[in-house]
Amino acid sequence: MTRKWIGSCVENMLYAGLWLLLLITPVLSFYIRNHSTGVFFSWSWCWHVWRVYLFFFVGFLIHNFLLAPLLVYQHRRALYLLCTTLLVVLFTWIEHVACPTETTFMLHETEISGGVFLVLMFGANDAVKMYFRARQHDVELQQLKLEAQQEEIAYLRYQINPHFLMNTLNNIHALVEIDPPRAQETIVQLSALLRHMLYEESKKTTLLSKEIDFLKSYVQLMRLRYPDEVEIQMTVPADAGSWHIPPLLFVNFVENAFKHGVSYDQKSFIHVHLGIDGDRLLFSCVNVKHPKPNPAGNGGGIGLKNVRKRLDLLYGSDYQLKIDDGDTLYRVALNIPLTMGKISNKNAEI
């Protein structure tokens, strides 16, 4: 059942209600007059009024289903004005010349002729149709905006994946010669990461527990490359429950920490933390800053820019992202809303 069909039903129900109100008007009029002036009810007069209403109802049907669409949907204004004018002239001629005794209907109180009544009725019909058309247009516009937004989010995610995959393959390349067993273990870890990216990335949201497992696998994979002297800590909620978040929101921050926060000849550490506060997820990543050359054209910083743009599209103003790029430390703090389910707020260190 489409919105367009629902809108058409509501519009037709409005017309049906108005015409039903017109049909009971003569009966109500006689009822009021009977109590105020003593005039007796006359079915013959009601039938006469209803025959006149039928005359105008036929005009309404012609205009509503044949002429109004020319103006509202096809925008053929000249043809619409010509056909409507001919219809009004035809009905006025029928009313006053061809069948004056059957169809002449003068509202003596206001002396509005049938032709003027037709024009007013057609105008009201056009106004109603334009109103429902405008509502449908707004719905379609919002749908197009939503689809464009979803396409942009998907595009940003697809930009992230090659960047992440490139760095991971570089890690494997470095291990192949110096430690083949670890290289094999790295490939297994990479397989698990790619499986997550393949099955979860196309979804709008994924379980927080799955995203945590993904980050754990990523950290474990990166640990294979660095010596034990590099301090790597990660704390996550002990119970992720049924909370959902968009997939692959944090990997760029962690990846950036490993890229710039690890040095073989200087003290290095990376601290990653995920916690829950009510219905909000708190993510932080802190690392020692070790500046490295960033030759032009290597795409440095693209991943973080994409994450920020993706957050804007997903949450609007309902998130907080703070990045403190200091002289010796690089800090990222992200606060986003969680959806679905309940979760305990206890954290466990791994």
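Our structure is the block above this text.
Residues numbered from 1 in each chain as written. Predicted model: local features only at pLDDT ≥ 70, side-chain atom pairs only at ≥ 80, totals over all residues. Heavy atoms only, no water.

Attention now goes to the packing of helix H7 (residues 208–223) against helix H8 (residues 251–261). When two helices pack together, their arrangement is captured by the angle between the axes and the distance separating the axes. Put simply, H7 and H8 touch, their axes get as near as 11 Å, and they point 15 degrees apart. Comparing their axes, H8 and H7 come out roughly parallel. For the crossing formed where H7 meets H8, the hand is right-handed. Between H7 and H8, the contacting residues are Phe214, Leu215, Tyr218, Val219 and Met222 on the first element and Val251, Val254, Glu255 and Phe258 on the second. For the contact of H7 with H8, the per-class residue count stands at eight nonpolar, no polar and one charged. (Axes fitted to C-alpha atoms, helices over the stretch in contact; angles between N-to-C directions. Helix = DSSP H or I, 4+ residues; strand = E, 2+ residues; numbered from the N terminus. Parallel < 35°, antiparallel > 145°, perpendicular 65-115°, else oblique. Left-handed = near helix turned anticlockwise from the far one by under 90°. Contact = heavy atoms within 4.5 Å. Nonpolar A, V, L, I, M, F, W, Y, C, P; charged D, E, K, R; others polar.)

Here we come to unusual backbone geometry. Of note in this structure, His75 is not a glycine but carries a positive phi near 60 degrees. One non-glycine residue, Leu248, lies in positive phi territory at about 60 degrees. Mapped onto the elements of the fold, Leu248 is located in the loop between strand E3 (244–245) and H8.

Here we take up the pairing of strand E5 (residues 280–288). Along a regular strand, successive side chains alternate from one face of the sheet to the other. Counting buried residues along E5, seven of its nine residues qualify, which places the element largely inside the surrounding structure. In this sheet, E5 lies alongside strand E4 (residues 269–277) in antiparallel orientation, the contact comprising eight bridges. Within E5, the position partnered with Gly275 by the bridge is Leu282. In this structure, the hairpin formed by E4 and E5 is closed by a connection of two residues, where Gly278 is found at a positive phi of approximately 65 degrees. The sheet contact formed by E5 and strand E7 (residues 329–337) spans nine bridges and is antiparallel. What sits directly across from Asn287, in E7, is Tyr330. (Buried < 20%, exposed > 50% of the residue type's maximum accessible area, 1.4 Å probe, protein only. Pairing = 2+ DSSP bridges.)

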